[in-house]
Amino acid sequence: MSATPPSAVAPTRLSVRDALAEAVAGMLRRPGRAVLTALGTVLGVGSFVAVLGLTATISAQIDGRFNVLTATEVSVEDVAAQQNEFAGPGFPADAEQRLRAVAGIEHAGVLWTVRLDSRTTVGPLPSGAGDPATGTAVVAASPGAVAALVPTLQQGRLYDDFAERGHERVVVIGSGLAARLGITTLATRPALYIGQEPFTVAGIVADLERRPEHLMSVLVPRATAEQLWGPPAPGAASVLIATELGAARQVADLAPLALRPDHPEYLKAVPPPDPRMLRSGVTADLSALFLLLAGICLVIGAVGIANTTLVAVLERTGEIGLRRALGARGRHVSAQFLTESAALGALGGLVGTSLGEMTVVGVCLVRDWTPVIHPVTVAAAPLTGLVTGLLAGLYPAWRAARVEPAEALRR
């Protein structure tokens, strides 16, 4: 039998268990530094999970809001002047009654912004007296148009068909404009002047679900506005239609024909946009913006891990030299530091995933939303931290593997 030569040395091996044990020992040797190093990955992965979770949640909220408001709104524009300069007004006087005969319409009416000269003001006193609410628009709106705005009434009532037929001098204003004019109650039947014309404030609305910009306007019955200031300019008026859910596109096809059977081309119906395109557009914008921020956090975390691991290599040069002198090869030393940086990244990924989920749930609780987090996001986030740690540890591990034993021990 041949004996093993004395000079032969059994090859050294570094098992996965040993590499993990060395990585844990390295992190526990300086726990404060390990926590600060992993903090960048925690922020990056947490931002990643929070961004994707909030984007999915907001997309779901957009779908819900679209269904109840935008999907049931159709507007009809007067384009008669573009078709024929002698066509005259595009909407007939009985436009609201004609639209009531169309199936699928809940509320509909004509509205436009009244043209007033620069000297006409809106205030508690006639023009030229008192403190007017400068910049306040006067909007002529039929009762159906006011109902289509979906107002939330705070005081009083909305004007109706009786006020429209009787050319009543009544108005509806928003709560902000009422406070600006000093109107706090309707019990005293306060008056409001548009120029020299007095109007009784019939109602105060707290909110408008559609076209909330009219909260700072004065809503006047259509017939009253035409009697005082004349018909609208060509193309200035439009019809606002609130439809039943799912009937908007059918109503958009039928409305011009119902209003102007003689010249339906004088009117242009604008149906609601496709909800899938709206959702995908908003989701893409949100994802691009916030994922960029999450990526920046991950880069900062990777630089932090790389910097700390490189410092650890320089501090532990003597230890590395001793290991090499005892038989450890360069790949063993490299594997040790790679495992340590990967462990820091994975730890940061796990903590960041938890913080991201808590952020999504917290925002949803405050906003009264339903949280939506895809399982793929939760599964991929810790792996993202692990890969970040591995990439960050490549250069320090390469530096550690190149340490010469004799030079290291001499230092």
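Every value quoted in this text rests on a predicted model; they were computed, and no experiment measured them.

Points about the packing of aromatic side chains
Phase 1: Counted by the stated rule, this structure contains two aromatic pairs.
Phase 2: On the basis of an interplanar angle of 20° and a centroid distance of 6.2 Å, the ring pair of Phe199 and Trp229 is categorised as stacked. Taken as a pair, Phe199 in strand E8 (residues 197-208) and Trp229 in helix H8 (residues 222-229) lie far apart in primary sequence, 30 residues in all.
Phase 3: For Phe199, a relative accessible area of 1% corresponds to the buried category.
Phase 4: The partly exposed category is assigned to Trp229, whose relative accessible area is 25%.

Examining the nonpolar core
Phase 1: Ranked by size, the top nonpolar core spans 40 residues in total, and within it Val76, Ile173, Val218 and Ile241 carry the most contacts.
Phase 2: The element contributing the most residues to this core is helix H9 (residues 248-259), with five residues.
Phase 3: Beyond its immediate sequence surroundings of up to four residues, Ile241 is in contact with Thr72, Glu73, Val74, Val76, Leu99, Ile105, His107, Ala108, Val251 and Ala255.
Phase 4: Residues Ala145, Ala148, Tyr159 and Leu208 belong to the second largest nonpolar core, which totals 18 residues.

Some details on the UniProt feature "transmembrane region" (unreviewed entry) in the protein
Phase 1: Taking the UniProt record as the reference, the feature "transmembrane region" (unreviewed entry) is found at residues 35-58, 286-314 and 372-395.
Phase 2: The distance separating the terminal C-alpha atoms of residues 35-58 is 33 Å; by composition the span is 100% helix and 0% strand.
Phase 3: Helix makes up 83% of residues 372-395 and strand 0%, whereas the separation of the span's terminal C-alpha atoms amounts to 39 Å.

Looking at the confidence of the model for the protein
Phase 1: With 85% of its residues at a pLDDT of at least 70, the protein reaches an overall mean of 82.
Phase 2: When the criterion is pLDDT under 50, residues 1-10 qualifies, and its contacts beyond four places in sequence or with other chains add up to zero contacts.

Let's talk about a nonpolar patch on the surface
Phase 1: Taken together, the side chains of Leu292, Leu293, Ile296 and Ile300 make up a nonpolar region of the molecular surface, amounting to roughly 380 Å² of accessible area.
Phase 2: Tracing the backbone shows Leu293 in helix H10 (residues 275-315).
Phase 3: For Leu293, a relative accessible area of 43% puts it in the partly exposed group.

Structural notes on H9
Note: α-helices contain 3.6 residues per turn, so residues at a spacing of three or four share the same orientation.
Phase 1: With 12 residues, H9 extends 16 Å between its outermost C-alpha atoms, agreeing within 8% with the 16 Å of an ideal straight helix rising 1.5 Å per residue.
Phase 2: Buried residues in H9 make contact with strand E1 (73-78), helix H4 (95-100), strand E2 (105-113), strand E10 (238-243) and strand E11 (267-270).

Notes on the packing of helix H12 (residues 330-367) against helix H13 (residues 375-392)
Phase 1: Two elements in contact, H12 and H13, have axes separated by 7 Å at closest approach and are oriented at 150°. The orientation of H12 relative to H13 falls into the category roughly antiparallel. Considering the relative orientation of H12 and H13, their crossing is right-handed. Two secondary-structure elements touch here, H12 through Leu338, Ser341, Ala342, Gly345, Ala346, Gly349, Leu350, Thr353 and Glu357 and H13 through Val378, Ala381, Pro382, Gly385, Leu386, Gly389 and Leu390.

So, the pattern of salt bridges
Phase 1: Enumeration over the complete set of coordinates arrives at eight salt bridges.
Phase 2: Linking Glu226 and Arg222 is a salt bridge whose minimum nitrogen-to-oxygen distance equals 3.7 Å. Here Glu226 pairs with Arg222, and both are found in helix H8, just four residues apart, close to one helical turn.
Phase 3: A relative accessible area of 31% means that Glu226 is categorised as partly exposed.
Phase 4: With a relative accessible area of 8%, Arg222 lands in the buried category.
Phase 5: When the shortest N-O distance is used, the salt bridge between Asp262 and Arg260 registers 3.0 Å.
Phase 6: Relative accessible area serves as the criterion here: at 11%, Arg260 is assigned to the buried category.
Phase 7: The structure contains a network of salt bridges with shared partners spanning Glu96, Arg100 and Asp161.

Rules used throughout
Residues numbered from 1 in each chain as written. Predicted model: local features only at pLDDT ≥ 70, side-chain atom pairs only at ≥ 80, totals over all residues. Heavy atoms only, no water. Phe/Tyr/Trp six-rings, centres within 6.5 Å; stacked < 30°, edge-to-face > 60°. Helix = DSSP H or I, 4+ residues; strand = E, 2+ residues; numbered from the N terminus. Buried < 20%, exposed > 50% of the residue type's maximum accessible area, 1.4 Å probe, protein only. Core = buried A, V, L, I, M, F, W, Y, C linked by side-chain atoms within 4.5 Å. Contact = heavy atoms within 4.5 Å. UniProt positions renumbered as here; feature names shortened; annotations may be inferred. pLDDT = per-residue confidence, 0-100. Patch = residues over 30% accessible without salt bridge, like charges linked within 9 Å, V, L, I, M, F, W, Y side chains within 5 Å. Areas by Shrake-Rupley, 256 points an atom, 1.4 Å probe, with all protein chains shown as cover. Salt bridge = Lys/Arg side-chain N within 4 Å of Asp/Glu carboxyl O. Expected span 1.5 Å × (residues − 1). Axes fitted to C-alpha atoms, helices over the stretch in contact; angles between N-to-C directions. Parallel < 35°, antiparallel > 145°, perpendicular 65-115°, else oblique. Left-handed = near helix turned anticlockwise from the far one by under 90°.

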